[in-house]
Amino acid sequence: MASNQELACVYAALILQDDEVAITGDKIAALLKAANVEVEPYWPGLFAKALEGVDVKNLITSVSSGAGSGPAPAAAAAAPAAGAAAPAAESKKKEEPKEESDDDMGFGLFD
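As the structure is a computational prediction, the values presented were derived from the model and not from experiment.

Basis of the calculations
Residues numbered from 1 in each chain as written. Predicted model: local features only at pLDDT ≥ 70, side-chain atom pairs only at ≥ 80, totals over all residues. Heavy atoms only, no water. Helix = DSSP H or I, 4+ residues; strand = E, 2+ residues; numbered from the N terminus. Buried < 20%, exposed > 50% of the residue type's maximum accessible area, 1.4 Å probe, protein only. Contact = heavy atoms within 4.5 Å. Areas by Shrake-Rupley, 256 points an atom, 1.4 Å probe, with all protein chains shown as cover. Axes fitted to C-alpha atoms, helices over the stretch in contact; angles between N-to-C directions. Parallel < 35°, antiparallel > 145°, perpendicular 65-115°, else oblique. Left-handed = near helix turned anticlockwise from the far one by under 90°. Nonpolar A, V, L, I, M, F, W, Y, C, P; charged D, E, K, R; others polar. pLDDT = per-residue confidence, 0-100.

## Looking at the overall build of the protein chain
Part 1 of the argument: Across its full length, the protein chain holds seven helices and zero strands.
Part 2 of the argument: Ordered by position in the sequence, the α and β elements of the protein chain form the string α-α-α-α-α-α-α.
Part 3 of the argument: Residue burial in the protein chain is summarised as follows: out of 111 residues, 14% are buried.
Part 4 of the argument: Of the contacts formed within the protein chain by residues at least 6 apart in sequence, a portion of 46% connects residues at least 24 apart.
Part 5 of the argument: Of the roughly 8,900 Å² of accessible surface on the protein chain, 58% is carried by carbon and sulfur atoms.

Right, here's the structure in full:
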């Protein structure tokens, strides 16, 4: 679980991104100081380095395109083209590796 100091830096970075201001350690620290939030001095610089060269706006808007959100797009695609969804489900089943049973190894659990 993230500490309050980490969350404060995350929120400060999101505020800077929303205002289309470059995310730097000094700007994060200034924003936190203006909000009367005390953090260890290394947090703002750490977050600034972590976000250096990262398109935060693109990162936020593409959160739903990750692997963890598979069921929602599949359900949306199934409504307009129910026939096209069936072959996709079959190929998904074929990709799963077959589990070996104890009989294939020549011994069982209680032998």
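After that view, the rundown keeps rolling.
## Here's the deal with the packing of helix α2 (residues 25-34) against helix α3 (residues 42-50)
Part 1 of the argument: In contact at an axis separation of 8 Å, α2 and α3 are set at 135° when each is read in the N-to-C sense. It follows that α2 is oblique to α3 by the angle criterion. In this structure, α2 meets α3 at a crossing whose hand is right-handed. Residue-level inspection shows Gly-25, Ile-28, Ala-29 and Leu-32 of α2 in contact with α3, the latter providing Pro-44, Gly-45, Phe-47 and Ala-48.
Part 2 of the argument: The residue inventory of the contact of α2 with α3, partitioned by class, reads six nonpolar, two polar and no charged.

## Points about the confidence of the model for the protein chain
Part 1 of the argument: Mean pLDDT over the protein chain stands at 74; residues scoring 70 or higher make up 57%.
Part 2 of the argument: Mean pLDDT per element in the protein chain: helix α5 (residues 71-78) is the minimum at 47, and α2 is the maximum at 94.
Part 3 of the argument: Low pLDDT, under 50, characterises residues 73-87; the stretch is placed with one contact to residues that sit more than four places away or in other chains.

## Observations regarding unusual backbone geometry
Part 1 of the argument: In this structure, Glu-20 takes a positive phi of about 55° despite not being glycine.
Part 2 of the argument: Relative to the helices and strands, Glu-20 is located in the loop between α1 (4-18) and α2.
Part 3 of the argument: For Asn-36, which is not a glycine, the phi torsion comes out positive at approximately 60°.
Part 4 of the argument: Tracing the backbone shows Asn-36 in the loop between α2 and α3.
Part 5 of the argument: Note on Asn-36: relative accessible area 71%, which makes it exposed.

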